[in-house]
There are 8 protein chains.
Amino acid sequence: MNQPKVSIIMGSDSDLPVMQQAADILDQLEVHYELTIVSAHRTPERMFDFARMAHNRGIGVIIAGAGGAAHLPGMVASLSPLPVIGVPVKSSNSIDGWDSVLSILQMPGGVPVATVALNGAKNAGILAAQILGASDPEIRNRILKYKAALEESVLDKVRKLQDKQGR
Amino acid sequence: MNQPKVSIIMGSDSDLPVMQQAADILDQLEVHYELTIVSAHRTPERMFDFARMAHNRGIGVIIAGAGGAAHLPGMVASLSPLPVIGVPVKSSNSIDGWDSVLSILQMPGGVPVATVALNGAKNAGILAAQILGASDPEIRNRILKYKAALEESVLDKVRKLQDKQGR
Amino acid sequence: MNQPKVSIIMGSDSDLPVMQQAADILDQLEVHYELTIVSAHRTPERMFDFARMAHNRGIGVIIAGAGGAAHLPGMVASLSPLPVIGVPVKSSNSIDGWDSVLSILQMPGGVPVATVALNGAKNAGILAAQILGASDPEIRNRILKYKAALEESVLDKVRKLQDKQGR
Amino acid sequence: MNQPKVSIIMGSDSDLPVMQQAADILDQLEVHYELTIVSAHRTPERMFDFARMAHNRGIGVIIAGAGGAAHLPGMVASLSPLPVIGVPVKSSNSIDGWDSVLSILQMPGGVPVATVALNGAKNAGILAAQILGASDPEIRNRILKYKAALEESVLDKVRKLQDKQGR
Amino acid sequence: MNQPKVSIIMGSDSDLPVMQQAADILDQLEVHYELTIVSAHRTPERMFDFARMAHNRGIGVIIAGAGGAAHLPGMVASLSPLPVIGVPVKSSNSIDGWDSVLSILQMPGGVPVATVALNGAKNAGILAAQILGASDPEIRNRILKYKAALEESVLDKVRKLQDKQGR
Amino acid sequence: MNQPKVSIIMGSDSDLPVMQQAADILDQLEVHYELTIVSAHRTPERMFDFARMAHNRGIGVIIAGAGGAAHLPGMVASLSPLPVIGVPVKSSNSIDGWDSVLSILQMPGGVPVATVALNGAKNAGILAAQILGASDPEIRNRILKYKAALEESVLDKVRKLQDKQGR
Amino acid sequence: MNQPKVSIIMGSDSDLPVMQQAADILDQLEVHYELTIVSAHRTPERMFDFARMAHNRGIGVIIAGAGGAAHLPGMVASLSPLPVIGVPVKSSNSIDGWDSVLSILQMPGGVPVATVALNGAKNAGILAAQILGASDPEIRNRILKYKAALEESVLDKVRKLQDKQGR
Amino acid sequence: MNQPKVSIIMGSDSDLPVMQQAADILDQLEVHYELTIVSAHRTPERMFDFARMAHNRGIGVIIAGAGGAAHLPGMVASLSPLPVIGVPVKSSNSIDGWDSVLSILQMPGGVPVATVALNGAKNAGILAAQILGASDPEIRNRILKYKAALEESVLDKVRKLQDKQGR
């Protein structure tokens, strides 16, 4: 089995449909990851142990998703030297996502969280790959190919729209 | 020395001018308290130890103030069985206080924080006294007197305004 | 019949589906409560009498839920020496819940309301138990057990997710 | 002495600089008024008595100003059959005035408050005169003159600006 | 036919389901009204004529509802000496109602609009009756009866809830 | 004297410091303009006449600035076939500019206002020139030169910053 | 085939249902346009080429729609001397449309975008026609007729409502 | 001279006081960087060249700061395979920073920007070091030391506060 480089954690299993998108894009970019539940508020000791140890297990980047008063990304960032990517989740108890965004983004000086868009787990996965790609040319090449494919898929839609108009 | 019943903590010494108001009103209501700095993000282990042990030291209520992505009240509430009062502080790095309010108020089911108004440390002190007063008739009497004095001070202003108009 | 220690009130019967969650968790924590409708705007005299008398009937904590321009929690807090927990309800006439939150949270100095999350009636119930637990070791023990069960249920989900990934 | 037709009340003497503007414009429109402090949260009984009795004293309109979780206008509207004009005050403890606005404006069905702009006490005074003018042709005439003067003062500024450009 | 005392206007027929509630409560309070469409943006001349003439036709109060960049209430208030009640409508093109609320509420000094809650047309109707009741004891009596009925209907729900709990 | 092509209007002379920036950039781009005060709320008839006639006087674009419940740009757009550029002004009575922005931007279908940034009068002037430049190659050339100068001024700052770092 | 005068572009084909409304109204106003997909983030080079060349191809106005962190209108405005109309689209990944609005509206000095309402593509089309109408009397006449038809359709609804009430 | 690993860019020299904090912390963490001005809106071609080439010059992370409709971080992220850290700057033309935050954070799927807090340039520098530390044990050690020093400085303040209380 391959050693995971990215750890995807979330505060609740209700965040899984969103956070699975980080896993899917990492699969596509051939980056090994683990995915589990770590709740800052319901399993604080598990969170402590996880965050303190992750870099010793070979993890290079942590992706943490949470909603409402979302403390998981910031607390993990407080406990780990690794870059932590925060995914604000628009959960059912959130006020239109504003609480999720602000409680992840607005970290005090000294403890950054790399915040992505509301429900932006896919982008969290790409960002994790870009971070690993900073020292791994193979991953960076996959990023370059991914971006080229992205462009191509839009150009394809451009052509389809033109065909439709041409008729 | 008297055993403190209320513990007032804050994320940073820059929160002291706001949080001192909780101490002042507790002095006035003759409730013993302690006051110290506990940072969720900069001293996570100190926070853990503090929150896990507070109820064993005879503390009955915790008042926690923080600003921006304010995780201190919620993390302490996660670790302690005590009622935790959260004071959103409008710190210099806050977006008009919205981040402070939402990251304290919007706790998930199972882990409440009793949130007061932005910079409402005085009310946090009164609330702590009310909580202790639930089983301590002497403190409750002081609350009743405090409310009566509050009313009297407004009535005094009413009279002064009338005198001024009468002239 | 057992003397209720907590009084759960709400501004309208349309708030009942939310506020019932406070009752349910108090049942689970074996705390006696009463539940009724008290409207600040439609039955102001009933509200006055209720708030003035509650502490004389042995009530220790009041939970008040309301939506829109939600004045019930604050007015009851003005009239009673008891700790009042406010539940902002996202009612149909609310602007995404912001009005409910702000008109409960932003109380002036001297009259605190312990505000919980939007629709956070379950947390209001837990907070009420924590407040009573400040002087009642049995209730505090139930809180400690509740928190342990909360942790266990997350760990259970962690195992289920791992099993699913193992397959 | 003349019987006041409008009652201007405010939650705190710190609201006086704003609320005085209602008094000033009523002076200008020659409408008799009274002005005093009535706090919903600090003098609830005084508020009750005031609101229950105002229409029996010959008052025709109530103007109520308050800030933060501003309950005074709504509670008075709940207790009185008179039209109540609410002035959201941007007080020092307010979150940019949003709390003041929403807790006055968003009243439930059955209990309206005629809300004016943040700190809009001058407009509250004019509105009070318009309401009395609905059955008093003299006051309505003063309103018509006031509007004409308003127009004239703008036209005067138009001419001054043109003169300045002409030079 | 009876002379209407209240004129209910709206910017678009899509506002009718909301604005009809003003008509319904005025029916209940036995106040004569008219109801029509006047668009500030699509029929500016009709709006001008309407607003300039309303008080000459015996109208005492205008209720104006609109959504989005809602200019109808404010423009009518600019052109008429009558009290104008503004109803912010949460129309399909509105940003959660904030645009409707702010563009009606935040009128400049000199030109008040009596703003009610988002979609609060029922309260606009009651407020119109209260304004007429300032000089018409019969209408005021109906308001007093309406408030008493409101209270009674809540007390009825209190009893039903108690019965349900008693079972 | 040259016939003005652009008409700059504002709701109040207090908007002049902001709106003057539109005039200044039009001076720089050698586009003739007029500048005056037209208040939707205080001089509605003047506004009507202005808006109805502007295109007959050879005006090609209208720039209208206003703050708070800002109805001037939308009402002028309702009355004139010309493109109307709206400048939301952060006036003293505005709630952080949100009311100004939303009451100008959120126009209903059929009546557009070309809205620029809060206090963005300079951009309103440039946009007016771009609109005239759609059929006037000389003005378009000035726009191209302006953009080139803008670029050059940034490149100049780049060089200064490099020099400073080089020392 | 006729030379298009207006270019309608959008960041994604998911914006088409909104942006098609710009095309429809331009059809109605008999203004020639082209419609295609240009993504600032996924096809940056295509965007560069498009924006640099549009005015050389005879395009007079660009309409650009995008959602979320909507950079397309502003980037095109940076690269083209043409007036650019921005349509904030309330896409699925948007926070209630606020991100779309603010990232299009709040352009820095020197680079205006003529922003219309959220999802206001119809108004973008009308505005484009008004801009072309500044130098094309035929198009201006169609605008005048369109506005007259708009007024007539409201007056028609007025009559229908009156008929309905008459029954 | 040492090859820079981090490139700090900003949209305007007015952003320098904020963005300098990223440079300062990188100095402290002994990470080589370059710092310059690149404007998306005023020097789009310079931005294109910069973003396309940065990874070929040995840059591993880009930090981009901008305010208002802040397009620089997202456009650079669109053009470069490198991880891009976005710093929302609360510039003078910003609406309380909301526009800066939302136009950087809310990037569409496929093009992430690692967003930090409003004016959070210091955290952007730390995050850049953490990203480089993912493959450079020496930098990671400096991060661990930095975090330890952060903790120690808080503990020092704790002691000072205790001494002050002891007196």
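Structure's up top.
Residues numbered from 1 in each chain as written. Chains lettered and ligands numbered in written order. Predicted model: local features only at pLDDT ≥ 70, side-chain atom pairs only at ≥ 80, totals over all residues. Heavy atoms only, no water.

Focus on the interface of chain D and chain B
Often, the extent of an interface is quoted as the loss of accessible area on bringing the components together. Taken together, the contact pairs 12 residues of chain D with 12 residues of chain B. Roughly 1,300 Å² is buried in total at the junction of chain D and chain B, and carbon and sulfur atoms are behind 68% of that figure. The largest share of the area that chain D buries against chain B comes from Ile37, Arg42 and Ile95 of chain D, three residues that together contribute 40% of it. Applying the counting criterion to the chain D and chain B interface returns 1 salt bridge. (Contact = heavy atoms within 4.5 Å. Buried area = accessible area lost by both parts, 1.4 Å probe. Salt bridge = Lys/Arg side-chain N within 4 Å of Asp/Glu carboxyl O.)

Here's the deal with the environment of Val38 of chain H
Residue and element names in this part refer to chain H. Within the fold, Val38 resides in the loop between β2 (33-37) and α2 (44-53). Taking the C-alpha atoms as reference points, Val38 and Asp13, 25 residues apart in sequence, are found 9.5 Å from one another. Filtering out sequence-adjacent residues up to four positions away, Val38 remains in contact with Ile9, Met10, Gly11, Thr43, Arg46, Met47, Phe50 and Leu72. (Helix = DSSP H or I, 4+ residues; strand = E, 2+ residues; numbered from the N terminus.)

Focus on the relation of the copies chain D and chain B
Under the fitted operation, chain D is carried onto chain B by 0.0 Å of movement along the axis and a turn of 90°, and the coordinates agree to an RMSD of 0.0 Å. Look at the turn and shift together and you get a four-fold axis relating the two. Relative to the rotation axis, the C-alpha of Asp96 of chain D is the closest in chain D, positioned 5.5 Å from it. Residue by residue, only 17% of the interface of chain D is reproduced at the interface of chain B, so the copies engage with different surfaces. (Least-squares fit on C-alpha atoms with pLDDT ≥ 70 in both.)

Considerations on the interface of chain H and chain A
If you look at the interface, chain H gives 39 residues, while chain A gives 39 residues. Here chain H packs against chain A, burying approximately 3,200 Å² in sum over the two surfaces, 63% of which is carbon and sulfur. Summed over the shared surface of chain H and chain A, the number is 0 salt bridges. On inspection of chain H and its partner chain A, the count reaches 18 residue pairs in polar contact (both at pLDDT 80 or more). Per-element tally for the side of chain H that touches chain A: the top contributor is helix α6 (residues 137-166) of chain H, with 6 residues. (Polar contact = N/O pair within 3.5 Å; in protein donor to acceptor, adjacent residues only side chain to side chain.)

Points about the pattern of salt bridges
Working definition: two side chains of opposite charge can pair if their charged atoms are close together. A complete count under the given rule lists 56 salt bridges over all chains for this structure. Among the salt bridges present, the one from Lys157 of chain D reaches Asp13 of chain F, with a minimum N-O distance of 3.5 Å. With Lys157 of chain D in helix α6 (residues 137-166) and Asp13 of chain F in the loop between β1 (6-10) and α1 (16-28), the pair connects residues from two separate chains. Take Lys157 of chain D: its relative accessible area is 37%, and that puts it in the partly exposed class. Salt bridges here are not isolated pairs; linked through shared partners, they connect Glu152, Asp156, Arg159 and Lys160 of chain A. (Buried < 20%, exposed > 50% of the residue type's maximum accessible area, 1.4 Å probe, protein only.)

Structural notes on the pairing of strand β4 (residues 84-89) of chain C
Side-chain positions along a regular strand alternate between the two faces of the sheet. All names here are of chain C. The buried fraction of β4 is high, at 6 of 6 residues. Burial along β4 is two-sided: the residues Val84, Gly86 and Pro88 and Ile85, Val87 and Val89 are all buried. Inspection of the sheet shows strand β3 (residues 61-67) paired to β4 by 6 bridges, in the parallel sense. If you follow Gly67 over to β4, its bridge partner there is Val89. In this region the chain leaves β3, passes through helix α3 (residues 72-79) and returns to the parallel neighbour β4; the handedness of that crossover is right-handed. (Pairing = 2+ DSSP bridges. Right-handed = clockwise from strand over helix to strand, strands pointing away.)

Examining the packing of aromatic side chains
Using the criterion set out here, one finds 8 aromatic pairs over all chains in the structure. Centroid distance Trp98 of chain D to Trp98 of chain E: 5.7 Å. Interplanar angle 80°. Geometry classified as edge-to-face. Of this pair, Trp98 of chain D sits in helix α4 (residues 98-105) while Trp98 of chain E sits in helix α4 (residues 98-105), placing the two residues on different chains. What makes Trp98 of chain D buried here is its relative accessible area of 11%. (Phe/Tyr/Trp six-rings, centres within 6.5 Å; stacked < 30°, edge-to-face > 60°.)

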